[in-house]
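Each chain, letter by letter, is given below.
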Amino acid sequence: MIPELGHFALVVALALALAQSAFSFVGAATGRRALMGTSRSIATGQFVFVAGAFAALAYSFVTSDFSVVNVVQHSNSKLPWYYRFAATWGSHEGSMLLWTLMLAIWTFAVAAFSRHLPERLVTRVIGVMGLVSVGFLLFILLTSDPFERLIPAAAEGQDLNPLLQDPGMVAHPPMLYTGYVGFSVAFAFAIAALLEGRFDAAWARWSRPWTTAAWCFLTVGIMMGSIWAYYELGWGGWWFWDPVENASFMPWLAGTALIHSLAVTEKRGTFRAWTVLLAIVAFSLSLVGTFLVRSGVLTSVHAFATDPRRGIFILLFLVLVIGSSLALFAWRAPRVGLGSSFAPVSRESMLLANNVLLAVALAAVMLGTLYPLFLDALHLGKISVGPPYFDAVFFPLMAPAVFLMAIGPVASWKHAALPDMWMRMRWAFGIAIVTAFLLPFVLGRWSPLVAFGLWLGLWVVAATIAQVWQRLSSAPQRGFAARVRAQSLSWYGMHCAHLGIAVFIFGVTIVEGYATERDLRMAPGEHTAIAGYDFEFKGTHELPGPNYTAVQGDFDVRRVGSSDVFLELHPQKRTYAASGQTQTEASIDPGLTRDLYVSLGEPVEGDAWGVRVYYKPFVDWIWGGCALMALGGFLALCDRRYRLKRAASVPAGAAAARP
Amino acid sequence: MKPRTRRALWIVGGLAALGVATALVLNAFQSNLVFFFTPTQVADHEAPHGRSFRIGGLVEQGSLVHEKDALTVRFRVTDTAKTIPVVYSGILPDLFKEGKGVVAQGSIGPDGVFHATQVLAKHDENYMPPEAAEALRKAGHPIDRTAFAGQGGKP
């Protein structure tokens, strides 16, 4: 009964989504207030019904209703309840429903929090989001019904993939999807602006907080995925340039470019066409990313052909969304106008460089991710593009972007004077160079790459400190506290996110430069010492779990030269009952300056095991940096200028920016 | 300098920078492509010498040997027509099993043994790595479609 209700709720939601877009567009085009007024309530209704459908599916999973095919294939009654709940989005069908739910939530949020914006614009935004929702609901109902029944019901489920039985599964996909789908708001604002022919600074200010919010969620989502891969895949890598990761990273790159280009559009009225294009690109990449990961194309292009309906629907939908929005852009862009001019050295030009570099990096990542798929689809052979390609391309492109990021905020809009910037930044520059030269000696071994990475990070930190100090000391207010309070939250947010990049760079540089990794064979009683830590393998014993049995290894860790055991590590090798799959669970002792990482390979002979023992200095800074970036975005989001009512927010320079 | 000349210079400079970036990207791309070969192709000497490539197929039953005192393993990869001996030093992934699909990356030595630097097993019990499935298909033993049922790789 409950699954049928869920299915029915989806049908109602589809009808509401159709009504939502039809009423919105007709209302906005004819200017009939009565029609426009319905868009908010219909969007709310659609949200309620999609949420109902999702709740029905979640209920089927949590109560282990094995008369539903989806539940049989991805759950098991022995799973702990939170993994049964998370299994709701463990399948293709379920994750599509989660996507649609996120879309409905964002639409509802737009309807609720944009009452101070012009009604026609908001109505069009809601209409565009309704259209996207129609596409997804049709896709679910026609090709990926999550509520399909199995008659007669199965006695037991086939279990969730052991890789997914992890706290990461509970948090990572919803967070990532919130980010992905959040770009639909920026996209809808861009399409609405194209329809209206209105691209002023006010428009940029309205769509900015939504874009920043989506970007924050995506940042946190990617960060969680990286942490998860680090401890769950059992070999201590934090980024693999895997197509699945690239699929989430490409929208992030586009989104990062977008939030910077939106800043220019808001402050100076420039980059308008580019901003609109980026909004379209960011959302298109989110769509491509979702489908790449969830449709099975990546595991095999030809597996895709096993269900041609899905493939054709997806391709049609992508062509329709991307094609029609680009066509609309081509048609309307000439009306967007160019905005005011700027000098070769100015904040605009630096943000332009940032955007160009991010766009080139995005294109390079896309080439490496999609090219093998195209070759394979055309039967031209199977190839793969190795991580060295991405490393070789991505880091050289990002280094100048990071360098400019440190000084960009010092440059004035329109025209900046290089001598003045040099005077303000010379101390930061000098200190960064000297410290970066000396620091590798302290860390153990001098290498040019490490020194360069440290220099980039230190340069950002020093330049940021200098800027914050100069800004605060020259502020007109009396007293330090008053000066701190007088600065806008978005200014703090920007510096916080930029510091996040620096922290991230420190983490990457040090862990890539100084990590010690040792794969070896250990028998009980044997020792191995790395990076000043002595690991003793005590042996293994069996340990039952809720739906698996584990072989647990016991390791004592001492500092070299000391006899005190200060740490015990217990990596596991789990064998899951339902599927018979084995899964390695690494044991990690995290720390601010280093992680100690032990994982079990396989039994070699007798009681001896293959063992991985890793020393990972500063690896947690990688994710700390990501968290700082997201925090910076969140601070910017809380800036009070986004909460001002329309009457109070007469856009500065908007008159000049109007086409 | 006239503003127009200056703008033209900027545009030329920008295009040149973009051109250099594109050249670097394509060069890195070219030198990092890893091609895939089936055991039959390797046995027919179609695979390149001295360059890294991937082979895929099934781990032959009973071929897995752990060497003493080290983490070196030897096994044979088969596409049911030809088999290629593989040597790998390191920890095998969780899903590596005899009779199951496998993809290995490395290069072929003068002794005809494939020296793997990486053994990939991005698949679950039901799922065959696409390359391995391709190798079997080419050798005339297509595997059951249900073997594609699972979803492999990172979530």
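Since we're looking at a predicted model, the values are computed, not measured.

(A) A look at the overall build of chain A. Looking only at helices and strands, chain A has 19 helices and 11 strands in total. Across its three principal directions, the C-alpha atoms of chain A cover 80 × 75 × 55 Å. Counting only residues that meet the buried cut, chain A has 54% of its 659 residues in that class. Of the contacts made within chain A by residues no fewer than 6 positions apart, 75% connect residues no fewer than 24 positions apart.

(B) Layout of the overall build of chain B. Along its length, chain B carries three helices and seven strands. Going from N to C terminus, chain B has its helices and strands arranged as α-β-α-β-β-β-β-β-β-α. Taken across its 155 residues, chain B has 37% of its residues classed as buried. Contacts in chain B between residues at least 24 apart in sequence constitute 53% of all its contacts with a sequence separation of at least 6.

(C) Spatial organisation of unusual backbone geometry. The linkage connecting Ile151(A) with the following residue, Pro152(A), adopts the cis geometry, with an omega of -5°. Backbone geometry at Trp241(A) places phi at a positive 55°, although glycine is not the residue there. You will see that His45(B), though not glycine, has its phi angle at about 60°, which is positive. Assignment of secondary structure puts His45(B) in the loop between α2 (39-43) and β2 (53-59).

(D) Structural detail: the sheet that holds strand β10 (residues 594-603) of chain A. Residue and element names in this part refer to chain A. Ordered in space as β2-β11-β10-β9, the four strands form an open sheet in which the pairing is antiparallel. Unpaired on one side and paired on the other, β2 (516-522) and β9 (587-589) mark the two borders of the sheet. For this sheet, the mean inter-axis angle between neighbouring strands, taken without regard to orientation, is 15°. Alignment of β10 against strand β11 (residues 609-617), held across eight bridges, turns out to be antiparallel. Looking across to β11, one finds that tyrosine 597 is bridged to tyrosine 614.

(E) Layout of the environment of Thr509(A). All names here are of chain A. Relative to the helices and strands, threonine 509 resides in helix α17 (residues 489-514). Separated by 462 residues in the primary sequence, threonine 509 and phenylalanine 47 place their C-alpha atoms 45 Å from one another. Each residue touching threonine 509, except ones within four places of it in the same chain, is listed here: Val450, Gly453, Leu454 and Gly457.

(F) Geometry of the environment of Ile227(A). All names here are of chain A. In this structure, isoleucine 227 sits in helix α8 (residues 201-232). On the basis of neighbour count, isoleucine 227 is assigned to the partly exposed category, with 19 C-beta atoms found within 10 Å. Placed 12 residues apart in sequence, isoleucine 227 and tryptophan 239 show a C-alpha to C-alpha distance of 9.1 Å.

(G) Focus on the pairing of strand β8 (residues 582-585) of chain A. Residue alternation in β8(A) divides its side chains into two sets, Thr582(A) and Thr584(A) and Gln583(A) and Glu585(A), and both sets are buried. What sits between the antiparallel neighbours strand β7 (residues 572-576) of chain A and β8(A) is a turn of five residues, in which Gly580(A) has the positive phi angle 75°.

(H) Expanded view of the domain arrangement of chain A. Residues and elements named next belong to chain A. Per the domain assignment, the segments of chain A are domain 1 (1-162), domain 2 (166-409), domain 3 (417-514) and domain 4 (516-618). Between domain 2 and domain 3, the C-alpha centre-to-centre distance is 27 Å. Contacts between the two partners involve eight residues from domain 2 and, on the opposite side, 12 residues from domain 3. Taken together, the residues of the side of domain 2 that touches domain 3 break down into eight nonpolar, no polar and no charged.

(I) Examining the confidence of the model for chain B more closely. All names here are of chain B. Chain-level pLDDT for chain B is 78 on average; 81% of the residues reach the 70-or-more range. The secondary-structure element of chain B with the lowest mean pLDDT is helix α3 (residues 130-138), recorded at 70, while strand β5 (residues 83-89) shows the highest, at 92. Scored below 50 in pLDDT, residues 144-155 shows 33 contacts in the model against residues more than four places distant or in partner chains. For this predicted complex, the interface confidence reaches an ipTM of 0.79, while the overall pTM sits at 0.91.

(J) Fine view of helix α10 (residues 272-294) of chain A. Between its first and last C-alpha atoms α10(A) spans 33 Å; for 23 residues at 1.5 Å apiece the expected length is 33 Å, and the two agree. The element α10(A) is largely enclosed, with a buried count of 21 among its 23 residues.

(K) Broad picture of the packing of helix α5 (residues 92-113) of chain A against helix α7 (residues 167-196) of chain A. Residues and elements named next belong to chain A. Put simply, α5 and α7 touch, their axes get as near as 9 Å, and they point 50° apart. The pairing of α5 with α7 is recorded here as oblique in orientation. For α5 against α7, the interelement crossing comes out right-handed. From α5, Ser95, Leu98, Trp99, Met102, Leu103, Trp106 and Val110 reach across to α7, where they touch Pro173, Pro174, Tyr177, Thr178, Val181, Gly182, Ser184 and Val185. A class-by-class count of the residues in the contact of α5 with α7 yields 11 nonpolar, four polar and no charged.

(L) Molecular detail of the environment of Leu98(A). Residues and elements named next belong to chain A. By the element assignment, leucine 98 lies in helix α5. In this structure the C-alpha to C-alpha distance between leucine 98 and threonine 88, which are 10 residues apart in sequence, comes to 8.4 Å. Non-local contacts of leucine 98, meaning those with residues more than four positions away in its chain, are made with Trp89, Pro173, Pro174 and Tyr177.

The rules behind the values
Residues numbered from 1 in each chain as written. Chains lettered and ligands numbered in written order. Predicted model: local features only at pLDDT ≥ 70, side-chain atom pairs only at ≥ 80, totals over all residues. Helix = DSSP H or I, 4+ residues; strand = E, 2+ residues; numbered from the N terminus. Buried ≥ 20, exposed ≤ 12 C-beta atoms within 10 Å, placed from the backbone. Contact = placed C-beta atoms within 7 Å. Pairing = 2+ DSSP bridges. Axes fitted to C-alpha atoms, helices over the stretch in contact; angles between N-to-C directions. Domains from an automatic or database assignment. Nonpolar A, V, L, I, M, F, W, Y, C, P; charged D, E, K, R; others polar. pLDDT = per-residue confidence, 0-100. Expected span 1.5 Å × (residues − 1). Parallel < 35°, antiparallel > 145°, perpendicular 65-115°, else oblique. Left-handed = near helix turned anticlockwise from the far one by under 90°.

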